[in-house]
Amino acid sequence: MYRKDLITAEIQKLAEVLARIMGLKLEGKLEDAQIMFNETMISNFSLPIEVLESSNLASFNAWLESSNLSPEKLDSLSEFLYYELGINAERNKLIAPKLNSIYQFLSEKHKIVHLVNFHRQETIQQYL
């Protein structure tokens, strides 16, 4: 029960951070939003920005395999990355394959499939 409470609290915290990032984007404070996004990737997901920004999908997949993130945290990471889509075509080409890798990883390794993720996978196909 204690572990579940910790996971729930962490997910809530990440949802609040995502809401702040989206709010900053709506206010036109794109640089502040990017800084907060990058800090979150490093501090909450231990995802190096170089790996995220690289066009080398193999390095991201290697990170994904070695990250040992819980399925809940991976789902939260997918939320952050999903809301990065649409910024510009260049960013979409970097993010979409990594997002797709997360969905596949959740499905194959953790046997977790969400209907929302199915719909999102269809959506991100336009960026692949």
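Residues numbered from 1 in each chain as written. Predicted model: local features only at pLDDT ≥ 70, side-chain atom pairs only at ≥ 80, totals over all residues. Heavy atoms only, no water.

A.B. asks: Even after reading the chapter, I still don't get the packing of helix 5 (residues 71-82) against helix 6 (residues 89-109), so can you show me in this structure?
C.D. replies: Helix-helix packing: each pair is described by the crossing angle between the helix axes and the interaxial distance. Two elements in contact, helix 5 and helix 6, have axes separated by 10 Å at closest approach and are oriented at 155°. One finds that helix 5 runs roughly antiparallel with respect to helix 6. Helix 6 is crossed by helix 5, and the crossing has left-handed handedness. Of the residues in helix 6, those touching helix 5 at Pro71, Leu74, Asp75, Leu77, Ser78, Leu81 and Tyr82 are Ile95, Leu99, Ile102, Tyr103, Phe105 and Leu106. Tallied by class, the residues present in the contact of helix 5 with helix 6 amount to 11 nonpolar, 1 polar and 1 charged. (Axes fitted to C-alpha atoms, helices over the stretch in contact; angles between N-to-C directions. Helix = DSSP H or I, 4+ residues; strand = E, 2+ residues; numbered from the N terminus. Parallel < 35°, antiparallel > 145°, perpendicular 65-115°, else oblique. Left-handed = near helix turned anticlockwise from the far one by under 90°. Contact = heavy atoms within 4.5 Å. Nonpolar A, V, L, I, M, F, W, Y, C, P; charged D, E, K, R; others polar.)

A.B. asks: Mind showing me how you'd approach the pattern of salt bridges here?
C.D. replies: Side chains that carry opposite charge are capable of pairing whenever their charged atoms lie near each other. The final tally for this structure, using the stated rule, is 5 salt bridges. Glu10 is paired through a salt bridge with Lys73; the nearest N and O atoms lie 2.6 Å apart. One end of the pair, Glu10, is in helix 1 (residues 2-26); the other, Lys73, is in helix 5, and 63 residues separate them in sequence. Given the relative accessible area of 14%, Lys73 is considered buried. Here Arg91 makes a salt bridge to Glu53, at a shortest N to O gap of 2.6 Å. Here Arg91, found in helix 6, pairs with Glu53, found in helix 3 (residues 49-53); they are 38 residues apart in sequence, far enough to count as distant. Accessibility expressed as a relative area gives 9% for Arg91, which makes it buried. Residues joined in a network through salt bridges with shared partners are Lys25, Glu53, Glu84 and Arg91. (Salt bridge = Lys/Arg side-chain N within 4 Å of Asp/Glu carboxyl O. Buried < 20%, exposed > 50% of the residue type's maximum accessible area, 1.4 Å probe, protein only.)

A.B. asks: Is there a simple way to explain the packing of aromatic side chains in this structure?
C.D. replies: Describing an aromatic ring pair means giving the distance of the ring centres and the angle of the ring planes. Tallied over the entire structure, the rule returns 3 aromatic pairs. With centroids separated by 5.5 Å and ring planes inclined at 35°, the aromatic side chains of Phe60 and Trp63 adopt a geometry described as tilted. Separated by 3 residues within a single helix, Phe60 and Trp63 lie in helix 4 (residues 57-67), roughly one turn from each other. Residue classification places Phe60 among the buried positions, given a relative accessible area of 0%. Between Tyr82 and Tyr83 the ring centres are 5.5 Å apart and the planes differ by 85°, which places this aromatic pair in the edge-to-face class. (Phe/Tyr/Trp six-rings, centres within 6.5 Å; stacked < 30°, edge-to-face > 60°.)

A.B. asks: Hey, could you run me through the environment of Tyr103 in this one?
C.D. replies: Topologically, Tyr103 is positioned in helix 6. Residues Tyr103 and Leu74 lie 29 residues apart in sequence; the distance between their C-alpha atoms is 8.7 Å.

A.B. asks: How do you make sense of the packing of helix 2 (residues 30-45) against helix 5 when you look at a structure like this?
C.D. replies: Contact pair helix 2 / helix 5: the axes reach a minimum separation of 12 Å and the direction vectors enclose 170°. The angle between helix 2 and helix 5 places the two elements in the roughly antiparallel class. Each of Phe37, Thr40, Met41, Asn44 and Phe45 in helix 2 lies in contact with helix 5, whose residues at this interface are Lys73, Ser76, Leu77, Phe80 and Leu81. By residue class, the composition of the contact of helix 2 with helix 5 is 6 nonpolar, 3 polar and 1 charged.

A.B. asks: In this structure, what is going on with the side chain of Glu84? I would like to understand it.
C.D. replies: Mapped onto the secondary structure, Glu84 falls in the loop between helix 5 and helix 6. Given the relative accessible area of 1%, Glu84 is considered buried. A polar side-chain atom of Glu84 sits 2.7 Å from a polar atom in the side chain of Lys25. In terms of polar contacts, Glu84 uses its side chain to reach the side chain of Arg91, at 2.8 Å. Apart from the residues lying within four places of it in its own chain, the contact partners of Glu84 are Lys25, Gln34, Phe37, Arg91, Asn92 and Ile95. (Polar contact = N/O pair within 3.5 Å; in protein donor to acceptor, adjacent residues only side chain to side chain.)

Worth remembering: the numbers are spatial, not functional.
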